[in-house]
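# Close look at the chain arrangement
Single-letter residue listing:
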Amino acid sequence: HCLAVRAVCQREIDCDRGNGYSWKITLLRNYWKSKVKQEWLSGKYSNVPSQFSLPEKSMYPMDVDTWGEILEAELER
């Protein structure tokens, strides 16, 4: 599972592992973030008419670098 999460959140996983977190804690810290991030990166929310149209689990606290990745993916579409 950790490798699947790392495929989406490589920077976050590497940072957590570098900070000494175990694989289990790293997975717990990044699992939902990877799910939400993957949906944003895949374009699932590209044509949403308003924030009220977003599903309940479409948001997750993410850092500025992660939002930068998502915005770059949107600009490339």
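Residues numbered from 1 in each chain as written. Predicted model: local features only at pLDDT ≥ 70, side-chain atom pairs only at ≥ 80, totals over all residues. Heavy atoms only, no water.

- An unreviewed UniProt entry annotates the chain as FBX48 protein of Catharus fuscescens.

### A short note on helix α3 (residues 23-41)
- The largest bend in α3 amounts to roughly 40° and is located at Asn30.
- Within α3 the residues assigned to the buried category are Thr26, Leu27, Asn30, Lys33, Ser34, Val36, Lys37 and Trp40.
- The secondary structure elements touched by the buried residues of α3 are α1 (2-8), α2 (10-18) and α4 (64-76).
- Once α3 ends, the next one or two residues include Gly43, with phi positive near 90°. (Bend = angle between axes of the 7 residues up to and from the residue. Helix = DSSP H or I, 4+ residues; strand = E, 2+ residues; numbered from the N terminus. Buried < 20%, exposed > 50% of the residue type's maximum accessible area, 1.4 Å probe, protein only. Contact = heavy atoms within 4.5 Å.)

### Considerations on α2
- By the burial criterion, the buried members of α2 are Glu12, Ile13 and Asp16. In a view along the axis of α2, the buried residues occupy a sector of 95°, so they form one face of it.
- Following α2 by one or two positions, Gly20 has its phi on the positive side, about 90°. (Arc of directions from axis to C-beta.)

### Description of the packing of α3 against α4
- Two numbers describe how α3 lies on α4: the axes approach to 9 Å, and their chain directions differ by 25°. It follows from the interaxial angle that α3 and α4 lie roughly parallel. Residues Lys37, Trp40 and Leu41 of α3 pack against Thr66, Trp67, Glu69, Ile70, Ala73 and Glu74 of α4.
- For the contact of α3 with α4, the residue count by class is five nonpolar, one polar and three charged. (Axes fitted to C-alpha atoms, helices over the stretch in contact; angles between N-to-C directions. Parallel < 35°, antiparallel > 145°, perpendicular 65-115°, else oblique. Nonpolar A, V, L, I, M, F, W, Y, C, P; charged D, E, K, R; others polar.)

### Brief notes about the confidence of the model for the chain
- Averaged over every residue, the pLDDT of the chain is 89; the share at 70 or more is 100%.
- For the chain, per-element mean pLDDT is lowest for α1, which scores 88, and highest for α2, which scores 93. (pLDDT = per-residue confidence, 0-100.)

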